[in-house]
Amino acid sequence: MSFPIDHQTFVSFLLTAKRQTYTAGDESAKVTALLSGSKQFEYREGSLLYRDIYFGGNYFAGQETVYYEGQPVWAMTYAGGITDAASAGGITDAASDAGVVYGFLQEAMRHATPARPYRGPGTFRRDAYVYQDDGAGHLEDFWGEETITYQGQLVYRLHYSGGWLH
């Protein structure tokens, strides 16, 4: 099956959609959730709609879907969050603060590249925090794990997979 829009247009849309929703760090893209107990963010541009629906907080699971002319064409599922060591406060107050960790994650996501637009860059550092994305595949079929460490201690982990829908 051929994809209904060209690769470059899709990648540009996906990066913009992610920056306008989760990585923006505000609630402006939040919409009324379709599923009870979930949070939902959306971004629309012409015939394309990006929708991110997830459940949870410190640990969460969700799905991003891109629609073209009302039909789902690409999706990514994900699950993860603050690690047990971080949530138990066994590292430091700064590292175990979900707001600080997720703020750093948002910053890392703003550095996503056209080569891998579904998550963040391979590595991103700020102070004692390090974001690492270890993934495989390509936009059409991919999977991976991202982590955040603080002073070398794991404070966040997420698994993801996705690709084109046929």
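All of the points below concern the structure found in this document. (Residues numbered from 1 in each chain as written. Predicted model: local features only at pLDDT ≥ 70, side-chain atom pairs only at ≥ 80, totals over all residues. Heavy atoms only, no water.)

## Side note on helix α1 (residues 7–20)
In an α-helix there are 3.6 residues to a turn, and that puts residues three or four apart on one side. If you check α1, its first and last C-alpha atoms are 20 Å apart, about what 14 residues at 1.5 Å a residue would give, namely 20 Å. Considered for burial, the residues of α1 that qualify are F10, V11, F13, L14, L15, A17 and K18. Of the surrounding secondary structure, the elements contacted by the buried residues of α1 are β2 (39–45), β3 (48–56), β4 (59–68), β5 (71–82) and β9 (153–164). (Helix = DSSP H or I, 4+ residues; strand = E, 2+ residues; numbered from the N terminus. Expected span 1.5 Å × (residues − 1). Buried < 20%, exposed > 50% of the residue type's maximum accessible area, 1.4 Å probe, protein only. Contact = heavy atoms within 4.5 Å.)

## Concerning the pairing of β5
Strand residues, when the strand is regular, have side chains that alternate between the two faces of the sheet. With 10 bridges joining them, β4 and β5 adopt antiparallel strand pairing. Across the sheet, residue A61 finds its bridge partner in β5, namely A79. The turn linking β4 back onto β5 is made up of 2 residues, and E69 within it adopts a positive phi angle of 50°. Pairing of β5 with β9 involves 9 bridges; the strand directions are antiparallel. From the neighbouring strand, G80 faces β9, where its bridge partner is L158. (Pairing = 2+ DSSP bridges.)

## What to know about helix α4 (residues 98–109)
The end-to-end C-alpha separation of α4 is 16 Å, in line with the 16 Å expected for 12 residues at 1.5 Å each. Listed as buried for α4 are A98, V101, Y102, F104, L105, Q106, A108 and M109. The backbone nitrogen of G99 has a side-chain oxygen 2.8 Å away, supplied by the residue at the start of α4, namely D97. (Polar contact = N/O pair within 3.5 Å; in protein donor to acceptor, adjacent residues only side chain to side chain.)

## Concerning the pairing of β9
Summarising the sheet, strand β8 (residues 141–150) and β9 pair through 10 bridges and their orientation is antiparallel. Bridge pairing links E145 to H159 in β9. Hairpin geometry of β8 and β9 is characterised by an intervening segment of 2 residues between the two adjacent antiparallel strands and by a positive phi of about 50° at Q151.

## Topic: a nonpolar patch on the surface
Among the surface-exposed residues, L34, L35 and F55 lie close enough to one another that they form a single nonpolar patch of about 290 Å² accessible area. Take L34: it is sitting in the loop between β1 (30–31) and β2. (Patch = residues over 30% accessible without salt bridge, like charges linked within 9 Å, V, L, I, M, F, W, Y side chains within 5 Å. Areas by Shrake-Rupley, 256 points an atom, 1.4 Å probe, with all protein chains shown as cover. Salt bridge = Lys/Arg side-chain N within 4 Å of Asp/Glu carboxyl O.)

## Regarding the packing of aromatic side chains
The tally for this structure, following the rule as stated, stands at 15 aromatic pairs. With a centroid separation of 6.2 Å and 70° between ring planes, the pair formed by Y54 and F60 is classed as edge-to-face. Arranged with centres 4.7 Å apart and planes meeting at 50°, the rings of Y129 and Y150 form a pair that is tilted. You can see Y129 sitting in strand β7 (residues 129–138) and its partner Y150 sitting in strand β8, a full 21 residues away along the chain. Grouping residues by exposure puts Y129 and Y150 together as buried. An aromatic cluster of three or more residues is present, and its members are F10, W74, Y118, F142, Y160 and W164. (Phe/Tyr/Trp six-rings, centres within 6.5 Å; stacked < 30°, edge-to-face > 60°.)

## Comments concerning the sheet that holds β5
Spatial strand order, β1-β2-β3-β4-β5-β9-β8-β7-β6: 9 strands in an open sheet with antiparallel pairing. Where the open sheet ends on each side, the last strands, each with one partner, are β1 and β6 (123–126). Of the pairings in the sheet, the one linking β2 to β3 comprises 7 bridges and is antiparallel in character. Bridge pairing links F41 to D52 in β3. Seen against the sheet, α4 touches β4, β5, β6, β7, β8 and β9 and runs at an angle of roughly 50° to β7. (Axes fitted to C-alpha atoms, helices over the stretch in contact; angles between N-to-C directions.)

Everything listed here is a matter of geometry and, on its own, says nothing about what the molecule does.
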